[in-house]
Amino acid sequence: MTVAQDKVVSIHYKLINADNGDLIESSKDRPAMAYLHGANNLIPGLEKALEGKNVGDEFQVTIAPEDAYGPRHDSGVQKVPLEALKDIENIEVGMVLTAQTEQGPANLQIIEIGETEVTVDANHPLAGTTLIFDVSVESIRDASAEEIEHGHAHGPEGHQH
Ligand code: ZN
């Protein structure tokens, strides 16, 4: 069986920032991550690289921002009055707020706190970053009709509900 549309695939991975070599995330100390292939559960560049792979395959792929979390937009950085955030306790740099916008919920990370204004960034933390994934394919199985309908994998390593 190979990785293809409507397969549930379990992978172990290491995610590295290609710009500075920093390890961003590793699945080493937890169960392999299960996802439904072909349902946009992963960033496009990673899903494309997994297509056609077999159990036991190990590979490294470098993914440009366009196929990962997108480019950074300077317009995503905005100042809001400190007054508007007065209901939030212990406001601090690095905190991520969820704001309702016309495009749906957006995550805003606080990057600076001034006397009267707070600077927030709506960009994904990995926007504009080229990523390196070290991936190993642990298992592949057919998705159930329910998983295909839901658009995600079920089970202990997937979606729980
Ligand atoms: Zn489900």
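What counts, and at which threshold
Residues numbered from 1 in each chain as written. Predicted model: local features only at pLDDT ≥ 70, side-chain atom pairs only at ≥ 80, totals over all residues. Heavy atoms only, no water. Domains from an automatic or database assignment. Pairing = 2+ DSSP bridges. Helix = DSSP H or I, 4+ residues; strand = E, 2+ residues; numbered from the N terminus. Axes fitted to C-alpha atoms, helices over the stretch in contact; angles between N-to-C directions.

So, about the domain arrangement of the protein. Think of interface size as the accessible area that goes away when the parts come together; that is how it is often given. For the protein, the assigned domains read domain 1 (7–69 + 126–150) and domain 2 (74–121). Inter-centroid distance (C-alpha atoms) of domain 1 to domain 2 is 30 Å.

Turning next to the sheet that holds strand 8 (residues 117–121). Taken together, 4 strands build an open sheet; the order of strands is 5-8-7-6 and the sheet is antiparallel. A strand with exactly one partner marks an edge of an open sheet, and here the two such strands are strand 5 (77–81) and strand 6 (96–101). Strand after strand, the sheet turns through a mean of 45 degrees between neighbouring axes, direction not considered. Examined bridge by bridge, strand 6 and strand 7 (residues 104–113) share 6 bridges and lie antiparallel to one another. Each residue of the ladder has a partner; that of Gln100, found in strand 7, is Pro105.

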